[in-house]
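Tertiary structure, described
Residues per chain, in single letters:
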Amino acid sequence: AEQNIAELLDQDASEEQRISKIFRLHRDPVFRQFIEQAAILDIGQSLLGPRIDCFLSQFIFKNPGAWGQPWHQDSHYFVFDQSPQVGFWLAVTEATIDNGCLWVVPGSHQQPVHKHIPDARPGANFGYMEIVDYDFSNEQAVTMQPGDLLVFHSHLMHRSKDNLSQGLRAAMVYHLAARGTQELT
């Protein structure tokens, strides 16, 4: 993995090899169309109430050799006055164990937000945090086909592993909250 990080930082690497996420695409009408579908709005409203907003979207590129993200809860990163938030993880490509699919701990959405510490791996991505005070032995892989949708609570403990395949794993992720939710500073 260290060699792959060095390759990604190599100035000769293509842009595609160096990009891992593009943020806030929901501001573009093409990407916003998905989150405004009646079926998606119905799910969001059933979980968050009648008035909801998309506050963050991410297109995630997990290139061959890319590291996974350690165990975390999205609510650690989303410090808001209302909770929960809900994630909509749309598989753009197949998500397999080999290419770094998500892993979840069933029932962990009922946990409080745990203490997160900086990712301890040498050379880890800046800003990645991890949970180390929990037993993850009942983790489950979430393999997906293109077009599959995972809807999850912002307290759900999840991670991804490294992409050990020769192919790209891509996903579009939308995060929704009750309208009027404010970030706490």
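Refer to the preceding data block for the structure.
Quick caveat, the model's predicted, so the values are computed rather than measured.

This part is about the pattern of salt bridges. Counting across every chain of the model gives 4 salt bridges. For the salt bridge of Arg121 with Asp119, the shortest nitrogen-to-oxygen distance reads 2.6 Å. Note on Arg121: relative accessible area 29%, which makes it partly exposed. Between Glu139 and Arg159 there is a salt bridge, and its shortest N-O distance comes to 2.8 Å. With a gap of 20 residues between them, Glu139 in the loop between strand S6 (129-131) and strand S7 (140-142) and Arg159 in strand S9 (residues 158-160) connect regions that are remote in the sequence. Given the relative accessible area of 19%, Arg159 is considered buried.

So, about the pairing of strand S10 (residues 169-178). Burial runs high along S10: 10 of the 10 residues are buried. Where strand S2 (residues 52-62) lies against S10, 10 bridges are found, and the strand directions are antiparallel. Bridged to Ile52 within S10 is Ala178. Pairing of strand S3 (residues 86-91) with S10 involves 6 bridges; the strand directions are antiparallel. From the neighbouring strand, Val86 faces S10, where its bridge partner is Leu176.

Checked against the element boundaries, His114 lands in the loop between strand S4 (102-104) and strand S5 (116-118). Relative accessible area serves as the criterion here: at 13%, His114 is assigned to the buried category. Side-chain polar atoms of His114 contact the side chain of Asp133, separated by 2.9 Å. In contact with His114, other than residues within four places in its own chain, are Gln73, Ile131, Asp133, Tyr134 and Met157.

Rules behind the numbers
Residues numbered from 1 in each chain as written. Predicted model: local features only at pLDDT ≥ 70, side-chain atom pairs only at ≥ 80, totals over all residues. Heavy atoms only, no water. Salt bridge = Lys/Arg side-chain N within 4 Å of Asp/Glu carboxyl O. Buried < 20%, exposed > 50% of the residue type's maximum accessible area, 1.4 Å probe, protein only. Helix = DSSP H or I, 4+ residues; strand = E, 2+ residues; numbered from the N terminus. Pairing = 2+ DSSP bridges. Polar contact = N/O pair within 3.5 Å; in protein donor to acceptor, adjacent residues only side chain to side chain. Contact = heavy atoms within 4.5 Å.

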